[in-house]
Amino acid sequence: MRVLLLYPLFPNSFWSYERFVHATGRRCLMPPLGLLTVAALLPADWEVRFVDRNVEPETPADWQWCEMVIISAMLVQKEDFAALIARAKLLGKRVAVGGPYPTSLPEEAVGTDYFVLDEGEMTIPMFLAALERGESSGTFRSAEKPDVTKTPIPRFDLINFRDYVSMSIQFSRGCPFMCEFCDIITLYGRVPRTKTPTQVIAELDYLFTLGWRGQVFLVDDNFIGNKRNVKVLLEALIPWSEARDYPFAFYTEASVNLAQEPEVLELMVKAGFWSVFLGIETPDEASLVMTKKLQNTRLPLVEACEIINKAGLDITAGFILGFDGEKQGAGDRIYEFVEATAVPRAMVGILHALPNTGLYTRLQKEGRLLGESQGEQGHKMNFVPERPVEDIVCEFTRSMWNLYEPRIYFQRVFRQFQAIDATRRPQRYPTRSLSFAQSMKVLFHLIWVWGICSKETRGIFWTQLRWIQRYKEKLLPEYIAMLAMGEHFFEYRVTAREHLTEEMGFDPLLRPVQPVLR
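Since the structure is predicted, the reported quantities are computational estimates derived from the model, not experimental observations.

Q: Would you take a moment to explain the overall build of the protein chain for this structure?
A: Along its length, the protein chain carries 19 helices and 14 strands. Its C-alpha radius of gyration of 23 Å places the protein chain within 12% of the 24 Å reference for a compact globule of 518 residues. Reported as C-alpha extents along the three principal axes, the dimensions of the protein chain are approximately 70 × 60 × 45 Å. Across the 518 residues of the protein chain, 59% fall into the buried class. The contacts in the protein chain between residues at least 6 apart in sequence include a share of 77% that link residues at least 24 apart. Roughly 21,100 Å² of accessible area belongs to the protein chain as shown, and the carbon and sulfur atoms make up 55% of that amount.

Here's what the structure looks like:
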């Protein structure tokens, strides 16, 4: 069987880092780990071609060569996903689909022959058996969750490392919490399943042998969902990293209660972790309770961020506007919280009801659902909120606009790096995935644009750069990278404002601010 694996285009979003990726000379942030794992689950005698359309499009020769296309997608990729199915059918190719989007909304994958849904370790064998029987179509599902200790090493050999800023691996699936708006527990369950340390080390060895050096993202839904197993992993990872002079800079996602796990924090930093994404969502405790994110109420959130910084980790955080019970001025309170904690990369989004979540089900019963989400939080919500949608959209736009004013962003990055205890880190932030010329290109661009041409940032750029170099030299490469990432956020806030202006029929940044009732 000749199979073409296709990964659809992502639209520009907060997470695409397009300007930063371009500045590094790469084409995309990271490869699609799920599709590379699918490739490893296919029969060894199949001929496989892999195309990440975010790197480059497939060719007419690819279409002519293949007998079947396999497409995996997230909700935000729905437009290109549909176009690829349509093209495949026009060319007479069989189509199999999987991934989070078709698993949640299979009815939208019009024209598909084989629906390989849920987790591939369970449903790909069903799909292969159907092909052996000569079946021309089918839907393959499994309520049972697979044992990920049997998951094979992803086919990293199918990609060109020079196309990506970061690699990715997975240690666990699932999350023990019950956040109403999140689809992780419906897709992957509430009992975190983990790979063995031996498996993870084997994947890292494979990346190392293939020549990768630099960032590695652990894509876990919640890295500390199984605290006992994560400690075992980290204890194995520390000597592996030490023996190879820390070739990888690890980063991941975790719940805020990471701050209450000093042993895990210490092990993470010793293993080579430099950054963590936290789903803070909102500083308003009433909204956290409403959306069942109770784990964020156990420790003051500002204190939690301070603890994680002092442990040696940089923080990226997610925030959401539009929860039921939310009071007017929530966008301003998010802005104030981000400034208080100096979180540089604050992803502020408008709440969307994702398919099969508790939120989606509740809103559907209440008659408040307006349709399906676009999968990108810089758009108007897909339900009727409790307070005026105009207020929510305006607060979102204003908070994003203010957070990513260049001068404010640069100052916040600086304060974050002042807060990080770099002495706890055993290594520098590795830049070895970039050539010397690429690194110098990024640095000289920053110097020219923000250190010379911009009157707004010229003074603080040089003052802060000299301070970091003098007092936290170990963090200097990471600091420069963080400044370079800012250019993507400066541009994204414009994109989000344009989307919302079109959707709302007015510019939300120019609408008069409504007074907050105290």
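Okay, back to it.
Q: So what exactly am I meant to see when it comes to the environment of Q215 here?
A: Within the secondary structure layout, Q215 lies in strand β10 (residues 214–218). Assessed through its relative accessible area of 9%, Q215 is described here as buried.

Q: What is the right way to look at helix α10 (residues 262–271) in this model?
A: Since the α-helix packs 3.6 residues into each turn, any two residues three or four apart lie on the same face. Within the sequence span of α10, burial applies to V264, L265, L267, M268, V269 and A271. Tucked inside the fold, the buried residues of α10 contact α9 (227–243), β11 (248–254), β12 (273–281) and α12 (301–311). At the exit of α10 stands G272, carrying a positive phi of roughly 110 degrees.

Q: Explain the pairing of strand β3 (residues 68–72) here, please?
A: Both faces of the sheet carry side chains from a regular strand, because those side chains alternate between them. In terms of burial, β3 is a largely internal element, 5 of the 5 residues being buried. Burial of β3 is two-sided: the residues M68, I70 and S72 facing one way and the residues V69 and I71 facing the other way are all buried. Pairing analysis gives 4 bridges linking strand β1 (residues 2–7) to β3, with the strands arranged parallel. Pairing of L6 across the sheet is with I71, part of β3.

Q: Where do I start with the nonpolar core in this structure?
A: Grouped burial of nonpolar side chains is what soluble globular proteins tend to show. Among the nonpolar cores identified, the biggest contains 144 residues, and F127, L204, F223 and F273 are the most heavily contacted of them. No other element matches the 14 residues that helix α19 (residues 476–504) contributes to this core. Leaving out residues up to four positions away in the same chain, F223 has contacts with F171, L218, V230, L233, L234, T252, E253, A254, M268 and F273.

Q: Even after reading the chapter, I still don't get the sheet that holds strand β13 (residues 314–321), so can you show me in this structure?
A: By definition, the strands of a sheet pair up through backbone hydrogen bonds, in either a parallel or an antiparallel sense. Strand order in the open sheet formed by 6 strands is β7-β10-β11-β12-β13-β14, with parallel pairing between adjacent strands. The outermost strands of the open sheet, each flanked by one partner alone, are β7 (166–169) and β14 (345–350). The mean angle between the axes of side-by-side strands here comes to 20 degrees, regardless of whether they run parallel or antiparallel. By the bridge criterion, 4 bridges tie β7 to β10 in an arrangement that is parallel. Opposite S168, over in β10, you have F217 as the bridge partner.

Q: Which parts of the structure should I look at to understand the sheet that holds β3?
A: One open sheet accounts for 6 strands, arranged β2-β1-β3-β4-β5-β6; its pairing is parallel. A strand with exactly one partner marks an edge of an open sheet, and here the two such strands are β2 (47–52) and β6 (138–140). In this sheet, adjacent strand axes meet at a mean angle of 15 degrees when their direction is disregarded. Helix α2 (residues 33–41) contacts β1, β2 and β3 of the sheet and is inclined by roughly 165 degrees relative to β1. Along the sheet, helix α6 (residues 120–132) contacts β3, β4 (94–98), β5 (114–116) and β6; its crossing angle with β5, the most-contacted strand, is approximately 155 degrees.

Q: Would you explain α19 in this entry?
A: With 29 residues, α19 ought to run about 42 Å at 1.5 Å a step, and its terminal C-alpha atoms sit 42 Å apart, in line with that. G505 lies just past α19 and shows a positive phi near 85 degrees.

Q: Would you mind going over the packing of helix α8 (residues 197–210) against α9 with me for this structure?
A: When two helices pack together, their arrangement is given by the angle between the helix axes and by the axis-to-axis distance. Taken N-terminus to C-terminus, the directions of α8 and α9 make an angle of 35 degrees; their axes are 9 Å apart at the nearest point. The chirality of how α8 crosses α9 is right-handed. Taken together, the residues of α9 that come into contact with α8 (itself represented by P197, V200, I201, L204, D205 and F208) are V232, L233, A236, L237 and W240. For the contact of α8 with α9, a count of residues per class yields 10 nonpolar, no polar and 1 charged.

Q: Honestly, the environment of P426 in this entry has me stumped. Any pointers?
A: With respect to the helices and strands, the residue P426 is situated in the loop between α16 (406–419) and α17 (436–453). For P426, a relative accessible area of 39% puts it in the partly exposed group. Sequence separation of P426 and V269 is 157 residues, and the distance between their C-alpha atoms is 7.6 Å. When neighbours within four sequence positions are excluded, P426 is seen to be in contact with Y246, V269, K270 and K474.

Q: Teacher, can you tell me more about the pattern of salt bridges here?
A: When charged atoms on two side chains of opposite charge get close, those side chains can pair. Scanning the model with the defined rule gives 40 salt bridges in all. Note that R133 is salt-bridged to E135, the shortest N-O span being 2.7 Å. Take R133: its relative accessible area is 55%, and that puts it in the exposed class. A salt bridge links K293 to E281; the nearest nitrogen and oxygen atoms lie 2.7 Å apart. One end of the pair, K293, is in the loop between α11 (285–290) and α12; the other, E281, is in strand β12, with 12 residues separating them in the sequence. As far as the burial class goes, K293 and E281 line up, both buried. Connected through shared salt-bridge partners, E180, D324, R362, E366 and R368 make up one network.

Q: How should the packing of aromatic side chains be read in this particular structure?
A: Aromatic rings in a pair are described by how distant their centres are and how their planes are angled relative to each other. One pass over the structure, following the stated rule, counts 34 aromatic pairs. Here F181 and F323 contribute two aromatic rings whose centre-to-centre distance is 5.7 Å and whose plane-to-plane angle is 50 degrees, an arrangement assigned as tilted. Here F181 is found in the loop between β8 (172–173) and α7 (184–188), whereas its partner F323 is found in the loop between β13 and α13 (330–341), with 142 residues between them in sequence. A cation sits over an aromatic face here: R49 above W65, 4.2 Å from the ring centre. Seen from the ring of Y404, R412 lies directly overhead, with NZ or CZ sitting 5.5 Å from the centre.

Q: It is not clear to me how unusual backbone geometry should be interpreted in this structure. Could you clarify?
A: As a rule of thumb, non-glycine residues mostly have phi less than zero, and peptide bonds are mostly trans rather than cis. Even without being a glycine, Y246 presents a positive backbone phi close to 50 degrees. Within the fold, Y246 resides in the loop between α9 and β11. One non-glycine residue, K292, lies in the positive phi region at around 65 degrees. Counting through the fold element by element, K292 comes out in the loop between α11 and α12.

Rules used in this analysis
Residues numbered from 1 in each chain as written. Predicted model: local features only at pLDDT ≥ 70, side-chain atom pairs only at ≥ 80, totals over all residues. Heavy atoms only, no water. Helix = DSSP H or I, 4+ residues; strand = E, 2+ residues; numbered from the N terminus. Rg over C-alpha atoms; globule rule 2.2 N^0.38 Å. Buried < 20%, exposed > 50% of the residue type's maximum accessible area, 1.4 Å probe, protein only. Contact = heavy atoms within 4.5 Å. Areas by Shrake-Rupley, 256 points an atom, 1.4 Å probe, with all protein chains shown as cover. Pairing = 2+ DSSP bridges. Core = buried A, V, L, I, M, F, W, Y, C linked by side-chain atoms within 4.5 Å. Axes fitted to C-alpha atoms, helices over the stretch in contact; angles between N-to-C directions. Expected span 1.5 Å × (residues − 1). Left-handed = near helix turned anticlockwise from the far one by under 90°. Nonpolar A, V, L, I, M, F, W, Y, C, P; charged D, E, K, R; others polar. Salt bridge = Lys/Arg side-chain N within 4 Å of Asp/Glu carboxyl O. Phe/Tyr/Trp six-rings, centres within 6.5 Å; stacked < 30°, edge-to-face > 60°. Lys NZ or Arg CZ within 6 Å of the ring centre and 35° of its normal.

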